[in-house]
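Topology and contacts: notes
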Amino acid sequence: MSAAAPARRGFRLPGYGTGEEPEWTVLATVAIALILGILVQNAVMGASRTVQVQGITLSYPANWGSARDAGTLFAARDRFGGAASASVSVAPVTETADVGTATSARTVALADRLVGFHTESTRRVTLGGRAAAQLEYAYVVAQTGSAPVLMRGIDTIASSGGKTYVLSFVAPAERFDELTAARLPRLSSTYDDILGSWRLP
């Protein structure tokens with residue numbers, strides 16, 4: 001009597017026949033969910049509103065609201081955070097077209113107006129083919145009933161039509177890197193998007 005041939009064991013997916021989902025499908029589902037979550041988050045965070053005033057165009061995050069700040073042509077700020085919220089504004093600096101002179105005037109004006117103001121850096125940049133300058137600084141905002149908040153800002157100063165304008169971006173120090181660091185999938189930041197949208201007359 002001949003021996004029975006051994007049963008063949010074919011390839012089976014992990015979990016097959018056990019009522020359990022294969023491990024690779026679980027991992028794939030989690031990965032897809034994470035990717036979709038990132039895309040949705042960036043789509044929401046990347047949504048913007050655009051404003052035009054006196055020939056100047058600027059886009060800002062859709063979840064921010066317009067504000068009335070003295071001396072500005074336009075301002076918008078994060079709806080949360082009160083006086084210490086992230087914000088952006090556009091304002092005239094001086095009647096001169098010289099960026100260096102305008103930057104010095106802006107520095108003096110900020111030092112006179114802001115508590116604890118100090119300059120972190122100044123640099124020459126090019127903005128839309130124009131020579132421009134950037135002033136990075138910090139200051140303190142006092143809040144009633146709570147501790148003072150350290151703020152950081154970047155002012156970009158550029159000239160057009162014989163006038164000089166400043167795009168001012170400020171945020172609490174604890175959120176500054178979050179708003180100025182590039183993010184996936186577009187490898188740009190909230191600040192990059194705002195600055196890149198700025199158009200002068």
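Just so it is clear, the model here is predicted, and its values are computed rather than measured. (Residues numbered from 1 in each chain as written. Predicted model: local features only at pLDDT ≥ 70, side-chain atom pairs only at ≥ 80, totals over all residues. Heavy atoms only, no water.)

1. Brief notes about the pattern of salt bridges
The final tally for this structure, using the stated rule, is eight salt bridges. Here Arg175 makes a salt bridge to Glu178, at a shortest N to O gap of 3.3 Å. With Arg175 and Glu178 both in helix H3 (residues 173-180), this residue pair falls three residues apart, about one helical turn. Given the relative accessible area of 25%, Arg175 is considered partly exposed. Residues joined in a network through salt bridges with shared partners are Glu120, Arg123, Glu136, Arg152 and Asp177. (Salt bridge = Lys/Arg side-chain N within 4 Å of Asp/Glu carboxyl O. Helix = DSSP H or I, 4+ residues; strand = E, 2+ residues; numbered from the N terminus. Buried < 20%, exposed > 50% of the residue type's maximum accessible area, 1.4 Å probe, protein only.)

2. With respect to a nonpolar patch on the surface
The grouping of Val115, Val140 and Leu150 at the surface amounts to a nonpolar patch, some 240 Å² of accessible area in total. With respect to the secondary-structure elements, Leu150 resides in strand E8 (residues 146-160). (Patch = residues over 30% accessible without salt bridge, like charges linked within 9 Å, V, L, I, M, F, W, Y side chains within 5 Å. Areas by Shrake-Rupley, 256 points an atom, 1.4 Å probe, with all protein chains shown as cover.)

3. Focus on the environment of Gly82
Relative to the helices and strands, Gly82 is located in the loop between strand E4 (74-78) and strand E5 (87-92). Separated by 61 residues in the primary sequence, Gly82 and Gln143 have C-alpha atoms spaced 9.2 Å apart.

4. A closer look at the sheet that holds strand E9 (residues 163-172)
Spatial ordering of the open sheet is given by E3-E4-E5-E9-E8-E7-E6, a layout of seven strands whose pairing is antiparallel. One side of each edge strand has no neighbouring strand; the edge strands of this open sheet are strand E3 (64-67) and strand E6 (115-127). Each adjacent strand pair in this sheet contributes to an overall mean axis angle of 20 degrees, direction not counted. Note that E8 and E9 share 10 bridges and pair antiparallel. Following the sheet pairing, Ser159 is matched in E9 by Thr164. Each of E4, strand E7 (130-143), E8 and E9 touches H3; the most contacted strand, E9, lies at about 115 degrees to it. (Pairing = 2+ DSSP bridges. Axes fitted to C-alpha atoms, helices over the stretch in contact; angles between N-to-C directions. Contact = heavy atoms within 4.5 Å.)

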